[in-house]
Amino acid sequence: MSDLTLIGTVHRDPRGYEPLSALLETLRPGRLTLEMSPAALLYRQSRAGLLSKRLETILQDLAGELGCSRSDIEEHPTVAGIRTLLDLPFEYRAAVDFADRSGASLALIDNSAISTDKLKKVESELITYCNLRVLVGLPSTASDHGSEGYHTARQLIFGPFDPHLNLAYLQGRRGREGIGDRDRAMAEEIRRQVEGAARGHLAHIGGWVHLLEDPRGETLFSRLQDLQPRRLLLD
């Protein structure tokens, strides 16, 4: 078995906690790294409560304006998605719980500046009256978020391969918030841990897109390929 396992997840999968917990119990890694930044953790801990109250007020006002019941708005997938976004990610909760049970170390290794900028946009652009009024008025297209995401992931990571499709998918995800500098920094930290004095199995948990093989060598997997990591999808 490789000393390094890369676990690919669909972020905000509503059923992700249980399978990730079970997988970690099976793998029993001595070290964990997580695609989450310390700043993102602090932001959620300090702001999520206030933002949840703002969301509740907006939803109540929207129900009155639109002449519908509060439950009708609550059932819209947009609202559920926002609530999940404000919660601590299931990846973090499962990793912390496993570390507490097993004594494994846990390091949050994503870029703090980038993740904080993204979360601030949730506050300034997403959870506003005008934006939510538009979103809840759109047709509800609720789907199995997890299954749909993993179906795409299996094809792009494990095949059957279409090189043009894979490259096009990656091209749309390069840049500051996607493939590139974030993966470089995370790969460097994972490599330090794998090659450091504390030997043993390390499992990294993060979005499945970073597990794609990249002709330009910019994804996390491509940067760590010489370590022969094992790739697993949480599905």
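Here the structure is shown first, and the text comes after it.
Anyway, here's the lowdown on the structure attached to this text. (Residues numbered from 1 in each chain as written. Predicted model: local features only at pLDDT ≥ 70, side-chain atom pairs only at ≥ 80, totals over all residues. Heavy atoms only, no water.)

Quick word on the overall build of the chain
Part 1 of the argument: What the chain contains, in helices and strands, is 11 helices and 5 strands.
Part 2 of the argument: Each principal axis of the C-alpha distribution contributes one length, and for the chain these read about 60 × 45 × 30 Å.
Part 3 of the argument: Within the chain, the fraction of its 235 residues that count as buried is 45%.
Part 4 of the argument: The long-range share in the chain, meaning contacts at least 24 apart out of those at least 6 apart in sequence, stands at 82%. (Helix = DSSP H or I, 4+ residues; strand = E, 2+ residues; numbered from the N terminus. Buried < 20%, exposed > 50% of the residue type's maximum accessible area, 1.4 Å probe, protein only. Contact = heavy atoms within 4.5 Å.)

Thoughts on the sheet that holds strand S1 (residues 4-9)
Paired through their backbone hydrogen bonds, the strands of a sheet run either parallel or antiparallel.
Part 1 of the argument: Here 5 strands make up an open sheet; going across it, the order is S3-S2-S4-S1-S5 and the pairing parallel. Edge positions in the sheet fall to strand S3 (105-108) and strand S5 (230-233), since each of these pairs with one other strand and no more. Between one strand axis and the next, the sheet turns through 20° on average, direction left out of account.
Part 2 of the argument: Taken together, the 6 bridges between S1 and strand S4 (residues 202-207) define a ladder with parallel strand orientation. Paired with Ile7 across the two strands is Ile205, which belongs to S4.
Part 3 of the argument: Where helix H10 (residues 181-195) meets the sheet, its contacts fall on S1, strand S2 (31-34), S3 and S4, and the angle it forms with S4 comes to roughly 165°. (Pairing = 2+ DSSP bridges. Axes fitted to C-alpha atoms, helices over the stretch in contact; angles between N-to-C directions.)

Observations regarding the nonpolar core
Part 1 of the argument: In this structure, Ile127 and Trp208 are the most contacted members of the largest nonpolar core, which totals 61 residues.
Part 2 of the argument: A total of 9 residues in this core trace back to one element, the largest contributor, which is helix H2 (residues 38-66).
Part 3 of the argument: Non-local contacts of Ile127, meaning those with residues more than four positions away in its chain, are made with Leu51, Arg54, Leu55, Ile58, Ile82, Leu86, Val122 and Leu132. (Core = buried A, V, L, I, M, F, W, Y, C linked by side-chain atoms within 4.5 Å.)

Brief notes about unusual backbone geometry
Part 1 of the argument: That bond from Gly159 to Pro160 is cis: its omega, 5°, falls within 30 degrees of zero.
Part 2 of the argument: Within the secondary structure, Pro160 is located in the loop between helix H8 (145-158) and helix H9 (163-171).
Part 3 of the argument: You will see that Arg28, though not glycine, has its phi angle at about 50°, which is positive.
Part 4 of the argument: Take Arg28: it is sitting in the loop between helix H1 (17-27) and S2.
Part 5 of the argument: Overall, Arg28 belongs to the partly exposed group, its relative accessible area being 45%.
Part 6 of the argument: One non-glycine residue with positive phi stands out, namely Gln228, at about 55°.
Part 7 of the argument: Positionally, Gln228 belongs in the loop between helix H11 (220-224) and S5.
Part 8 of the argument: Judged by its relative accessible area of 63%, Gln228 is exposed.

A look at the packing of aromatic side chains
Part 1 of the argument: The tally for this structure, following the rule as stated, stands at 1 aromatic pair.
Part 2 of the argument: We note Arg173 situated over the ring of Tyr169; from NZ or CZ to the ring centre the distance is 3.6 Å.
Part 3 of the argument: Here the guanidinium or amino end of Arg231 rests over the ring plane of Phe221, the centre of that ring lying 3.8 Å away. (Phe/Tyr/Trp six-rings, centres within 6.5 Å; stacked < 30°, edge-to-face > 60°. Lys NZ or Arg CZ within 6 Å of the ring centre and 35° of its normal.)

Everything listed is a geometric property; what it means functionally is a separate question.
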